[in-house]
Amino acid sequence: MSDVSQKELDEFRAGARAWFAENVPSEPDFMLPLTFMEVGTQEQFDFLRDWQRKCYEAGYLGAAWPKEYGGGGLAQAFQDVATQEMHRAGGPIMLNAIGINWAGPLILDMGSEEQRKAYIKGILSAEDIWCQGFSEPDHGSDLGNAQTRAVRDGDDYVINGSKIWTTQGNYAKYMILLARTDPDAPRKYDGLSFFLAPMTVPGVETVPIKKLTGEYGFTQTFFTDARIPATSLIGGEGKGWAVAMRTLEYERGARGGQAGGYVTVYPDVGEVVELAKRALRNGHPACEDPIIRDKLVKLLATYRGLQLNGKRSRIAPLVQDKPMSLPLSSKLIATEFYREINQLAMAMQGPRGAYYVGEPEAYDEGIWQRSYLNAFSGTIGGGTSQIQHNIIGEHVLGLPKS
Amino acid sequence: MSDVSQKELDEFRAGARAWFAENVPSEPDFMLPLTFMEVGTQEQFDFLRDWQRKCYEAGYLGAAWPKEYGGGGLAQAFQDVATQEMHRAGGPIMLNAIGINWAGPLILDMGSEEQRKAYIKGILSAEDIWCQGFSEPDHGSDLGNAQTRAVRDGDDYVINGSKIWTTQGNYAKYMILLARTDPDAPRKYDGLSFFLAPMTVPGVETVPIKKLTGEYGFTQTFFTDARIPATSLIGGEGKGWAVAMRTLEYERGARGGQAGGYVTVYPDVGEVVELAKRALRNGHPACEDPIIRDKLVKLLATYRGLQLNGKRSRIAPLVQDKPMSLPLSSKLIATEFYREINQLAMAMQGPRGAYYVGEPEAYDEGIWQRSYLNAFSGTIGGGTSQIQHNIIGEHVLGLPKS
Amino acid sequence: MERNVTLTFSEEQAELLEVAQNFCRDKSPVPTVRKLIEDDLGYDPAVWEEMVALGWLGIAVPEEFGGVGLSMAEVVPVVEQMSRRLMGGPFVPATLAAQALIAGGTEKQKSAILPEICAGKVATLALTEPHADWNLTHIEAKAVEEGGKLKLSGTKIFVVDAASAEWIVASVSKDGAPALVIIEKSTLPEGALRREVVADETRRSFRLELDGVTVPADALLDVSRAKETLDHIDLAASLLLSAEACGAAASCVDYTVEYLQTRKQFGKLIGSYQSLKHPTVDALVAYEMARSHLYNAACTFGQQGEGEIAVRMAKSEASDALSFAADRAIQFHGGFGFTYECDAQLYRRRSMWCEYLHGDGPYQRAKLADLLF
Amino acid sequence: MERNVTLTFSEEQAELLEVAQNFCRDKSPVPTVRKLIEDDLGYDPAVWEEMVALGWLGIAVPEEFGGVGLSMAEVVPVVEQMSRRLMGGPFVPATLAAQALIAGGTEKQKSAILPEICAGKVATLALTEPHADWNLTHIEAKAVEEGGKLKLSGTKIFVVDAASAEWIVASVSKDGAPALVIIEKSTLPEGALRREVVADETRRSFRLELDGVTVPADALLDVSRAKETLDHIDLAASLLLSAEACGAAASCVDYTVEYLQTRKQFGKLIGSYQSLKHPTVDALVAYEMARSHLYNAACTFGQQGEGEIAVRMAKSEASDALSFAADRAIQFHGGFGFTYECDAQLYRRRSMWCEYLHGDGPYQRAKLADLLF
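The structure presented is a predicted model; accordingly, all values stated were derived computationally and were not measured.

Peer 1: Before we go on, may I ask you to explain the overall build of chain A in this structure?
Peer 2: Counting its regular elements, chain A contains 12 helices and nine strands. Scaling as 2.2 N^0.38, a compact globule of 402 residues should have a C-alpha radius of gyration of about 21 Å, and chain A matches this with 22 Å. Across its three principal axes, chain A shows a C-alpha extent of roughly 70 × 50 × 50 Å. Of the contacts formed within chain A by residues at least 6 apart in sequence, a portion of 71% connects residues at least 24 apart. By element, 50% of the accessible surface of chain A is carried by carbon and sulfur atoms, the whole surface being about 15,500 Å². Separation between the mean location of the 41 positive side-chain charges and that of the 49 negative ones in chain A comes to 5 Å.

Put into C-alpha cells, the structure is as follows:
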C-alpha cells in the first residue's frame, strides 16, 4: 500500500472536499467545545457523536485502519488527506479522542484478535466512548505511583481505588486503566497492569468535576469492588507501565497509528490578529498599540516556529546534533504558547478583558477568557510544563535528574 | 551617646559639606572604578587609597568607631551624616571595603584587645588593605565545604590550599580566612576556623584573575605551607562557620557596625533616563521608542520599589506578615535590577550597543557595556540569585529545602 | 530619579489595618465567599451594616458631612484587607462616589448625600463606556437640557453594585464638555440596568442604558470642576484597585505556599522543587514591591505630580503582580488547580478585574513615561 | 496566519553544512580563537586561503563571474558553522559586498570585482552611520560630482575587516537619493580608517572618514537600483547575522550544559538543580526555534514579501535567543563565569554584535507588525 499514486490521492481529496463542504454542520446555538476535554453538556455530546459517526461512515475517519475490524483499509496517505480536508472545511472535533488516539492504536498494536473485533469499530463510530484512567488524586504527575488496586479473583480482577481527570468519564463505556496488581513488587513500575476496563459494571461511579472555567468536562471515577473480566488485561500482568508509556507515545504522535481527524481545534492565530484589529483598547484598535504589536509578533513567531520545527524535524542533517530536541519540546512550546496568546487576547480588550462567557458584550462571547483558563489543561495535563522541562533537560541535554 | 542634638548634627553636616565640596578630587584621566571589586590598576589603587586616608583623617570615616583604636568616638548619627554628604558631593568610593565593612566590625565585635589595637586604625586609614578568603575554586557557593587546611603546629597554623575571588588580593596585607582545622568533624561546619591571616608571610601567592570585562580586580590566592601565628585565630577553633555567618551579616548591614562611607557607586537611575534622551536608536532618541519607554518605566518602578521597600521595612505593621521578606530580598532585587538596567541601556544605543570600553564613539566611553558585564559580580557573588531564591523560599515562605 | 521617596504610615492607618484584618478574616472565610458568588446581591447586608457601624464608609468624608475626616490613605488598608479575603460588598463604589461628590459636588449635593453614604446607603459611579477608552474624559454619553431638565443618552458599562445603589454618578458630555450627573436609581426606567457577566464572580457589575433617562437640572455636579473630578476619581479608583490587587496577591501567594508545603509528588514535597519554589519567590517579591508602592501612593495621594506618579506605579506593579501570582497559582496546583474548587481561579479572576479596569500595566507605564521623561 | 510555511534543505546545503562543520571545528578550536583575538588581522590567512580553495567565497556568485552559482541559502550553513566555532575572517563582509555588486553593480564592475572576490580578495561594506539609524536608506554621507569625479564626505561606522579589504562599497546620498560607490581602499588618505573597539573581540571593525575621499565616476553602482540593492543587503546581512547567532547559541548551550554536567555544589551536580536546568532548557528551545526560522529564511530568501518576513523573524528570534543563552551562560558558570577565561563572555560579546547590528528584536518586530497586520 506504500505506493499510492498522486492521481488516486487527488481524486480522494476532491471527493473529501466535496463531502465536507456539504456535510460540515452549521454552528449550533450553543458553544461547541474546542477540545475533547471541554465537552460539558449533553447537547454538545450528542452533536459531536453524530458528527464523528458521519465522518466515519463517509470513510474519512479510520480510513487507514484495517478493514476487517471496521477501518477503511486504505494507505495512511488517504487518511492524512481526509484530515487535511476536515481541517480545511473547519469541521468540529472528533469526540471519541481517547478511543481514536490511544485505545484504538493500542488494541491494534498489542490487542488480541478478540479485542480488536470487539472494540475497534465502536471506537470509530463513537458508539463506544473510551476514557483514560491513569492519574490519581494523590499522584497527578507521578503515574508510576498509581495506587488503584486490581486483585485477581477467579476470572475477574476486583478494582478498588480512584482515578481523576477522566475526560468524558460520565459518557464512557470503557476505560484504559492503569492499576496495581502487585503492591509488593520491588520496583513500583513492575507492580502495574493495564486493562481495557468496562465502565458499566457495578461498583464504578463517576462524579463530575467542575473546571476552573465554571464548566464541566472531567469526572473523578471511583471503583468499589468493581469486578472486570480478566480478559480485559492487555500486555500481561505486571507490564502495565510499558503499555502506558507506549500509549503515551501514540498521543504524542511519535508512534503514529492514530485513526485520523483531530480532537482539538486550536483557534487559528489569524483570529487573534483579527481580534487585534477589532478590539478597542484605550479607545483605539489594539493592533495600533506598540506594546501589543511587539507581543503579538513575538507570539506569531513562536507559532510559526512550531510549524517550522515540525518541518525541520524531518530533515536529518538539520537535527543531527540533538535528534530528540524538536519532538520532545513541541508539547511544552505549544501549550505555553496557547496560554500566552489567550492572555494577550484578553489584554487587547481593555476594560472588556474583565468580561466572561455569558456576557453578550464580551468580545467573541468571552471565548478568549475561557480559552485562557482552559489552556492550563495543556500546561498541566499530560505532564506539566515543569515536568516537560525536566524531560528535555534530562533526555535531550543529558543533565542529571532533579 | 544616644541623645545627639539636632544642632550638633547640623553643625557637623555643615562642616562635612564644606569639606567634601573642597576636597572631592576632580576626575582623573583614567576611569575610576564604580565598585571596590573593580580596582584593576595601580593608579586607580593609589588614587583611592589617598582619598580614603584623607576622608579618615578629616574625621568622616570611622567617626563612630571607638577613639581608643583610631575611630572618631562619635555617635553613629554623625557617621551617617558624613556618608550622606560624601554621597551628595559625589565622592569616589572607599577602597578598603573588606576592612571597613567586614573585618573591622568583626574585630571590634569579637576581637581581643590586642587585635583591635593592631588592626583598626590601619583599616580606616587604608594603610592596611584587607581581603576576604571564603570562596574556593571548587566550592563557590558552598562555603561550608571549604577545604583549605589549617594545621596547628606549635604557635602557628600551617595553611595549605587556595582561595578565589580575592578582591584586592594583590594589595592586601591581611585576609579574613575561613579554613578547615578539623577535616574529621562530624558536621562539616564544625571543622572550620576563622583567621585574621597575614598575607605577607612566605608561602602566600596571589595570581590576578582577568575578569570577563577584560580587566583585573580579583586574585586567586595560593597557600603553600604558609605559617600564620596562632594568635590570628578569632572566635575559637571550630567556630569558624559562626564567625563567617556573622561577618556576612555585617555585609548585609543587618548588624550595623560598618565604618561608614560606601564601597560601590550605583549609577544614578537618572543617568539612564538621561541616556535614553540622548542615545540615538533607529535615528531617534531612544526615549521616544515605546518599547524602551515601557521597559524603562518598569525598571524605574523596580528602583523606586527597592527604596520604598527599605522604608516600609521600618514600619512594623506593614511587615508583620513576613518580617524577613524585605531584608532578605533586597540583594536579589538590587543585583538583578542592576544587570537589567545596564542591559536596557545597551539596547538604547542601537548599533552602537556593540561598542565597548576604549571606543571613543561609544556612549559614555562604553561604561554601560562594562557595567552590564560587571553586574554579574552582584548576581553571582555573595550568593547567586538562584541561591537567594532558595534563601527567600526557605526562610521567608517556609518551603522545604531543595 | 529622586532618592527621597516617602512612605509614611499614620496611626489611623495602622489601627484600620489591624481592625480590617481581623474583621475581614472573620467575616469572609472562603466558604462564605463561594456562597455569596451564588447570591444575587453578592454580599451579606448584615456584614455591610457592621462595616457601616465601624465608620468605614465615612473614612475619607469630611466630618461636616458625617464622615471621619481622614483621607484616601486610610481607606487603603481597609480595601486591601477586604480583597485579601475576597470580601464582597459596595464599599469601593460607595467610597469612590463619595469622592466624586467631595471633589465636584455642590454644597447642596454634598449635604444631602454624603451623610447618607456614611450611614450605609449605597452610591456608585458610571464612567466606562463601550468604546472602552481608559481615558475617562472620552465621553460619548450625552446630557441635553430640555424644559429645565437634563435628558440623558448613551451607555455605561461596569457600573458596580448598581442594584444596591440609591444613586449613580454618571459622566456625560454636556455642551461638548465633560460633566457629571447624579441619577436617582429609583427613577431609572424598567430594564435600564442589566447585570453583566464578569470573570470576577465576587463582583456585581451592571450595564446602564441612559436613553430615556431624565434628571433634574440640579442633578448636575459643578461643571467647572468636572474634568479635575474625573481625574481625581480615576486616580482614587486606581489606588483602590491597587489595594485590591495587593490584598489578593498576598493571600494568593500564601495559598500557593501552603500547597507547596503539603503536596507530595515523586516522594518529595513539591515546594522543594526549584521550578515551583523560585517562581513563587518571584511572586512574593513582586507582591512585596507592589505593596511598598501601594503605601507610597496612599501617603502621597492627592499631591500634585508625585501623587499621580505613585498611583500609576502602584497600579501597574500591583495588577501585574497579582496576575502573575494567580496564573502561577493555577499552574502550581497542577490538576487541582484546574478545578473550580481550587481557590487559585478566584484570584486569577479577581486579577482580570484589577488589571483591566482603569488601565493595565502597559497603559500605566506609557502614562508614566510621559510624566517621568 | 498561513499554515504552509516552507522549509526545504537542498543537497548543496547539506553538503556545505557537513564540510563547514568539520572544517570550522578543526580550524577554529577555542585556543585559536583566543589567540586571534590578540592578533591585528583577526584571522589566519592560511585558513582563509583554504576557505577560498573550498569555493566558499563564490557560493552565491553566478558562475559567469567565477562563482558556484548557488544562492544565499547555501551561504547560511557555512556562516552558521563558522560562528559556532567563533571563527574569524572576512567571509561575511566579502559575501555581502559581492551581493551588493550582484544586485546593483554595473556589468563592468561585476566582471572586474566578483571573480577577484571568489578568488579570495576581500571586499566590505560601509553602510552604518553615527546617527545609528538601522534604516540603511537614511544616509548622510554625500557624493558630489566635481570635475568628472565624485567627492565623498561623511562618516561610516562598523566597516568590517576594512584593513583586509581591497574594496569598500559605501552608501552615499547623491543628488538627494541613495547611491552606492566602490572605493578602492588603496586610494584612502592616511588615517581615513580607524579601528573601532567593539565588544565582540573576534571582529575587526573600522570607522571610515569619507571627507577627502574621491572616486572616479564609474565607481558608482547602478543608481536606479540603489534603493533595492540596499534593501537586499539589509536582508542578506540580517540573514547572516541570524546564522551567526544560531551557530553561537548552539555552542553556548553545549558549553553551559557541559559545566552543569560536571560541576558540583552542595554535593550535587549543579545540572540537577531546576533553577539552572530549566532556563538552560529554555535557551535550547529558543535556539532550536530560531534555527528553524533561520532555515526558513534561507530557503525563502529573495521571495517577495515572504522572504522579508522570514528574515526579520529569524533575526529577531536568533539574536534574542543568543543574548538570553549567553547571559544565562555567564550566570550559571558562577564565579568562573565572571572570568575572561570562561567562554561564556565570548558568546555574550558575540551576541551584542548579532543583536545590535541591523536591528534588534523590538525593531524587527515593529517592522514585522507592519508587514503582517
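Next comes the rest of the account.
Peer 1: I tried to follow the pattern of salt bridges on my own but got confused; where do I start?
Peer 2: Oppositely charged side chains may form a pair once their charged atoms are brought near each other. The final tally for this structure, using the stated rule, is 108 salt bridges over all chains. In this structure, B:D289 and B:R281 form a salt bridge, with 3.1 Å as the shortest nitrogen-oxygen distance. Relative accessible area serves as the criterion here: at 18%, B:D289 is assigned to the buried category. The class of B:R281 is buried, set by a relative accessible area of 5%. A salt bridge links D:D343 to D:R34, with the shortest nitrogen-to-oxygen separation between them at 2.9 Å. Taken together, the residues D:D343 in the loop between helix 10 (334-337) and helix 11 (344-356) and D:R34 in helix 2 (residues 30-37) connect sequence positions 309 residues apart. A residue is classified by how much of its surface remains accessible, and D:D343, at 8% relative accessible area, is buried. A single salt-bridge network, built from bridges that share partners, covers A:E336, A:R339, A:E340, C:D327 and C:R328.

Peer 1: Looking at this structure, I do not really get the side chain of D:S319. What am I missing?
Peer 2: Residue and element names in this part refer to chain D. Turning to its location among the elements, S319 is positioned in helix 9 (residues 306-332). Here K315 takes part through its backbone oxygen, which lies 2.7 Å from a polar atom of the side chain of S319. If we skip the residues at most four places from it in the chain, S319 touches A245, A314, C354, E355 and G361.

Peer 1: What's the story with the sheet that holds strand 4 (residues 155-160) of chain C in this structure? I'm lost.
Peer 2: Residues and elements named next belong to chain C. Strands sit in the order 4-8-7 across an open sheet of three strands; the sheet is antiparallel. Both edges of this open sheet fall to strand 4 and strand 7 (193-196), since each of them pairs with a single strand only. Ignoring which end each strand starts from, the neighbouring axes of this sheet average 30° apart. With four bridges joining them, strand 4 and strand 8 (residues 205-209) adopt antiparallel strand pairing. The partner of K156 across the bridge, within strand 8, is L208.

Peer 1: What's the story with the domain arrangement of chain A in this structure? I'm lost.
Peer 2: Quoted interface sizes are often the accessible area lost when the parts come together. Residue and element names in this part refer to chain A. If you check the domain split of chain A, you get domain 1 (6-128), domain 2 (131-251) and domain 3 (269-395). Here the C-alpha centre of domain 3 lies 32 Å away from the C-alpha centre of domain 2. Taken together, the contacts link five residues of domain 2 with seven residues of domain 3. At the boundary of domain 2 with domain 3, total buried surface from both sides reaches about 540 Å², with 56% on carbon and sulfur atoms. If you sort the residues of domain 2 by the area they bury against domain 3, L212, T213 and E215 come out on top, with a joint share of 67%. We note a salt bridge from E215 to R370, for which the minimum N-O separation is 2.9 Å. Linking domain 2 with domain 3 are three residue pairs in polar contact (both at pLDDT 80 or more). Taken together, the residues that form the side of domain 2 that touches domain 3 break down as one nonpolar, two polar and two charged.

Peer 1: I'm lost on the pairing of strand 7 (residues 216-229) of chain B in this one. Help?
Peer 2: Remember that side chains alternate between the two faces of the sheet whenever the strand is regular. Residue and element names in this part refer to chain B. In this sheet, strand 7 lies alongside strand 3 (residues 156-167) in antiparallel orientation, the contact comprising nine bridges. Bridged to V158 within strand 7 is R227. In this sheet, strand 7 lies alongside strand 6 (residues 204-210) in antiparallel orientation, the contact comprising seven bridges. Across the sheet, the residue bridging to E205 is F222, located in strand 7. Between the end of strand 6 and the start of strand 7, which pair antiparallel, lie five residues, with G214 showing a positive phi angle near 95°.

Peer 1: Could you clarify how one ought to interpret the pairing of strand 4 (residues 174-180) of chain A in this entry?
Peer 2: Residue and element names in this part refer to chain A. With respect to burial, strand 4 is a largely interior element, seven of its seven residues being buried. Here strand 4 shows two buried faces, one formed by Y174, I176, L178 and R180 and the other by M175, L177 and A179. Bridge count for strand 1 (residues 130-133) against strand 4 is four bridges, and the pairing is parallel. Residue pairing across strands places W130 opposite Y174, the latter belonging to strand 4. Strand direction decides the pairing type here: strand 4 and strand 5 (residues 192-198), joined by seven bridges, are antiparallel. What sits directly across from M175, in strand 5, is A197.

Peer 1: Help me understand the sheet that holds strand 7 (residues 193-196) of chain D in this model?
Peer 2: In sheet architecture, strand pairing relies on hydrogen bonds along the backbone and comes in two forms, parallel and antiparallel. Residue and element names in this part refer to chain D. Reading across from one edge, 4-8-7 is the order of the three strands in this open sheet, with antiparallel pairing throughout. Edge strands, defined here as strands with exactly one partner in the open sheet, are strand 4 (155-160) and strand 7. Across this sheet, the average inter-strand angle for adjacent strands is 30°, counted without regard to direction.

Peer 1: Would you mind going over helix 3 (residues 76-88) of chain B with me for this structure?
Peer 2: Given 3.6 residues per turn, any residue in an α-helix points the same way as the ones three and four places further on. Residue and element names in this part refer to chain B. Between the first and last C-alpha of helix 3 there are 18 Å, a value that for 13 residues agrees with the 18 Å anticipated at 1.5 Å per step. The complete set of buried residues in helix 3 reads F78, Q79, V81, A82, T83, E85 and M86. Residues of helix 3 that are buried sit in contact with helix 1 (6-23) and helix 2 (42-57). Taken from the residues just after helix 3, G90 is the one with a positive phi, measuring 70°.

Peer 1: Looking at this structure, how should I read the nonpolar core?
Peer 2: A general trend in soluble globular proteins is that nonpolar side chains are found buried together. Formed by 232 residues in total, the largest nonpolar core has its most connected members in A:W130, C:F91, C:L152 and C:I183. The greatest single-element share of this core, amounting to 19 residues, is contributed by helix 7 (residues 226-262) of chain C. Ignoring any residue separated from it by four or fewer positions in sequence, one finds C:I183 in contact with C:L152, C:E166, C:W167, C:I168, C:A170, C:L188, C:L210, C:V213 and C:V215. Of all hydrophobic cores here, the second largest spans 155 residues; its members include D:V61, D:I117, D:I139 and D:A179.

Peer 1: Would you mind going over the interface of chain D and chain B with me for this structure?
Peer 2: Of the residues lining the interface, 45 residues belong to chain D; the matching set on chain B comes to 48 residues. If you sort the residues of chain D by the area they bury against chain B, D:Q331, D:F338 and D:Y356 come out on top, with a joint share of 20%. We note a salt bridge from B:E361 to D:R207, for which the minimum N-O separation is 3.8 Å. Our count for the chain D to chain B interface comes out at 22 residue pairs in polar contact (both at pLDDT 80 or more). Mapped onto the side of chain D that touches chain B, the elements with two or more residues apiece are strand 4, strand 7, strand 10 (264-265), helix 8 (274-300), helix 9, helix 10, helix 11 and helix 12 (361-372) of chain D. Here the side of chain D that touches chain B takes six residues from helix 11 of chain D, the largest share from any one element. Tallied by class, the residues present in the side of chain D that touches chain B amount to 21 nonpolar, 12 polar and 12 charged.

Peer 1: So what exactly am I meant to see when it comes to the domain arrangement of chain C here?
Peer 2: Residues and elements named next belong to chain C. On domain assignment, one finds that chain C holds domain 1 (11-121), domain 2 (124-225) and domain 3 (227-372). Averaged C-alpha coordinates put domain 2 and domain 3 at centres separated by 29 Å. Roughly 1,900 Å² of surface becomes buried between domain 2 and domain 3 when both sides are summed, with 65% attributable to carbon and sulfur atoms. In terms of surface lost to domain 3, no three residues of domain 2 exceed W134, R203 and R225, which account for 37% of the buried area on that side. Counting across the interface, domain 2 meets domain 3 through nine residue pairs in polar contact (both at pLDDT 80 or more). When contributions to the side of domain 2 that touches domain 3 are tallied by element, the ones reaching two or more residues are strand 4 and strand 6 (177-184). Looking at side-chain class alone, the side of domain 2 that touches domain 3 contains 11 nonpolar, five polar and four charged residues.

Peer 1: What am I meant to see in the environment of C:Q364 here?
Peer 2: Residue and element names in this part refer to chain C. When you line up the elements, Q364 lands in helix 12 (residues 361-372). In this structure Q364 comes out as buried when scored by relative accessible area, which is 0%. When residues no more than four places from it in sequence are discounted, the contact partners of Q364 are S238, R312, K315, S316, H358 and G359. Side chain to side chain, Q364 and R312 meet in a polar contact 2.9 Å long.

Rules behind the numbers
- Residues numbered from 1 in each chain as written.
- Chains lettered and ligands numbered in written order.
- Predicted model: local features only at pLDDT ≥ 70, side-chain atom pairs only at ≥ 80, totals over all residues.
- Heavy atoms only, no water.
- Helix = DSSP H or I, 4+ residues; strand = E, 2+ residues; numbered from the N terminus.
- Rg over C-alpha atoms; globule rule 2.2 N^0.38 Å.
- Contact = heavy atoms within 4.5 Å.
- Areas by Shrake-Rupley, 256 points an atom, 1.4 Å probe, with all protein chains shown as cover.
- Lys, Arg positive; Asp, Glu negative; His and termini not counted.
- Charge placed at Lys NZ, Arg CZ, Asp CG, Glu CD.
- Salt bridge = Lys/Arg side-chain N within 4 Å of Asp/Glu carboxyl O.
- Buried < 20%, exposed > 50% of the residue type's maximum accessible area, 1.4 Å probe, protein only.
- Polar contact = N/O pair within 3.5 Å; in protein donor to acceptor, adjacent residues only side chain to side chain.
- Pairing = 2+ DSSP bridges.
- Axes fitted to C-alpha atoms, helices over the stretch in contact; angles between N-to-C directions.
- Domains from an automatic or database assignment.
- Buried area = accessible area lost by both parts, 1.4 Å probe.
- Nonpolar A, V, L, I, M, F, W, Y, C, P; charged D, E, K, R; others polar.
- Expected span 1.5 Å × (residues − 1).
- Core = buried A, V, L, I, M, F, W, Y, C linked by side-chain atoms within 4.5 Å.

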